[in-house]
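Each chain, letter by letter, is given below.
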Amino acid sequence: MDKAFKLILRACVAITVITTVTVIFLLTKESLVFFKQVSVFDFLFGTEWHPLLVPQSFGVLPLVFGTMTIVIGAVMLALPCGLMIAVYLSEYASDKGRKILKPSLEILAGIPTIVYGYFALTFITPLIKSIHPETEVFNGLSGAIVVAIMVLPMVSSLCDDAFRSVPANLKQGAFALGANTFEVVKDVLLPASKGRIGAAVILAVSRAIGETMAVTLAAGATPKMGIKFFESIQTMTAYIVQVSLGDTPQGGIEYQSSFAVGALLFLMTLTMNFIGNTLIFKRNKVQL
């Protein structure tokens with residue numbers, strides 16, 4: 001039984017490694033075909049993205065700016081809300097309240113992303129237009145808000161774990177010196193947890209970069225330079241969806257461009273995950 005269980009575990013690990021290597025191989029193989037026709041410099045630093053129109057342009061910066069619009073807006077909204085939720089759960093909520101509130105919050109992570117997209121179109125965008133009438137139907141702010149809602153459980157859960165991992169004697173010492181709960185949070189919990197909070201932000205950024213369907217529905221499909229919250233934009237994932245609809249002939253440069261965008265997206269998310277995990281590992285090592 002022990003040998004069989006060990007074989008099952010090894011098979012699971014092998015499947016994970018094989019899948020990762022296969023993804024890297026396919027992205028690299030197809031991207032190299034694209035870069036034989038388009039220079040890497042023009043792709044990375046070009047300011048015009050029109051792969052489906054004539055004349056064609058393959059400067060990916062408009063897609064990067066669209067992605068960053070979603071990421072910046074989502075982090076600006078999710079981080080303060082996630083911190084406040086984590087502070088309440090770790091320091092103010094009763095045990096009974098925590099058992100109810102935390103699972104309720106994590107339900108948000110189980111809602112399909114396509115549902116979030118329709119929620120943005122039918123509720124968030126009309127709400128924004130009532131405040132700012134010039135807002136377009138598809139806009140970056142609506143996409144940022146809905147992605148912030150999606151990453152909120154991750155941010156709040158990681159920050160809550162960070163607060164609860166702070167040694168109890170630090171908090172008890174602060175209370176013994178006469179500090180109230182707010183002062184303990186401000187002067188003890190936040191400074192002691194800044195590494196894990198930073199990791200939570202980076203992992204949230206990684207999740208926001210890779211979000212697809214909700215952003216595709218909410219933000220639109222118009223690649224533009226600059227940070228545009230009230231206009232239609234296009235993210236890297238939204239372009240991949242556009243090419244994958246079946247209208248683009250397989251093997252053409254337009255088809256190959258989706259793999260180049262996917263490879264860049266993979267590198268961005270891989271870098272964010274590596275930095276976030278490194279911060280968490282270093283923080284745990286310091287505590288040990």
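Just so it is clear, the model here is predicted, and its values are computed rather than measured.

A. A look at the overall build of the protein. The number of helices and strands found in the protein is twelve helices and two strands. The order of α-helices and β-strands along the protein, N terminus first, is α-α-β-β-α-α-α-α-α-α-α-α-α-α. By principal-axis analysis of the C-alpha atoms, the protein measures approximately 70 × 65 × 35 Å. Classification of the 288 residues of the protein by burial places 40% in the buried group. For the protein, long-range pairs separated by at least 24 residues make up 72% of all intrachain contacts whose partners lie at least 6 apart in sequence. Total accessible area on the protein is roughly 15,700 Å²; 70% of this is exposed by carbon and sulfur atoms. Taking the 21 positively charged and 17 negatively charged side chains of the protein as two groups, their mean positions are separated by 12 Å.

B. Molecular detail of the packing of helix H3 (residues 61–92) against helix H6 (residues 140–164). Running from N to C, H3 and H6 cross one another at 35 degrees; their axes reach a closest spacing of 6 Å. Note that H3 runs across H6; the crossing there is right-handed. Here the contact of H3 with H6 is composed, by residue class, of 20 nonpolar, seven polar and two charged.

C. Structural context of the side chain of Thr235. Residue position: Thr235 is located in the loop between helix H10 (213–219) and helix H11 (236–243). Within the structure, Thr235 has its side chain in polar contact with the side chain of Thr237 (distance 3.1 Å). From its side chain, Thr235 meets the backbone nitrogen of Ala238 in a polar contact 3.2 Å long.

The rules behind each value
- Along each chain, numbering runs from 1 in the same order as the chain's sequence is written.
- Two thresholds apply to this predicted model, a pLDDT of at least 70 for residue-level local features and 80 or more for giving and counting side-chain atom pairs, whereas whole-chain, interface and lining totals are computed over all residues.
- As a convention, hydrogens and water are excluded, and side-chain values are obtained from all of the structure's heavy atoms.
- Secondary structure elements are taken from DSSP: a helix is a run of H or I of four residues or more, a strand is a run of E of two residues or more, and numbering for both begins at the N terminus.
- Under the scheme applied here, a residue whose accessible area is under 20% of the maximum for its type counts as buried, over 50% as exposed, and between as partly exposed, the area being computed with a 1.4 Å probe on protein chains only.
- The contact criterion used is simple: two residues touch if any of their non-hydrogen atoms lie within 4.5 Å.
- Exposure was quantified through the Shrake-Rupley algorithm and a 1.4 Å probe, taking into account, for residues, occlusion by the shown protein chains and nothing else.
- Positive charges come from Lys and Arg, negative ones from Asp and Glu, while His and the chain ends are left out of the count.
- Just so you know, the charge point we use is NZ for Lys, CZ for Arg, CG for Asp and CD for Glu.
- Angles here are taken between N-to-C directions and fall from 0 to 180 degrees, while the axes themselves are lines fitted to C-alpha atoms, restricted in helices to the stretch in contact.
- For any pair of crossing helices, the crossing counts as left-handed if the nearer helix is rotated counterclockwise from the farther one by less than a right angle, and right-handed if it is rotated clockwise.
- Here the term charged refers only to Asp, Glu, Lys and Arg, the term nonpolar to Ala, Val, Leu, Ile, Met, Phe, Trp, Tyr, Cys and Pro, and the term polar to all other amino acids, Gly among them.
- Within 3.5 Å is the distance limit for a polar contact, defined as a pair of N or O atoms, with the added protein rule that one can donate a hydrogen and the other accept it, and that residues adjacent in sequence qualify only through two side-chain atoms.

No statement about biological role is implied by the geometric values presented.
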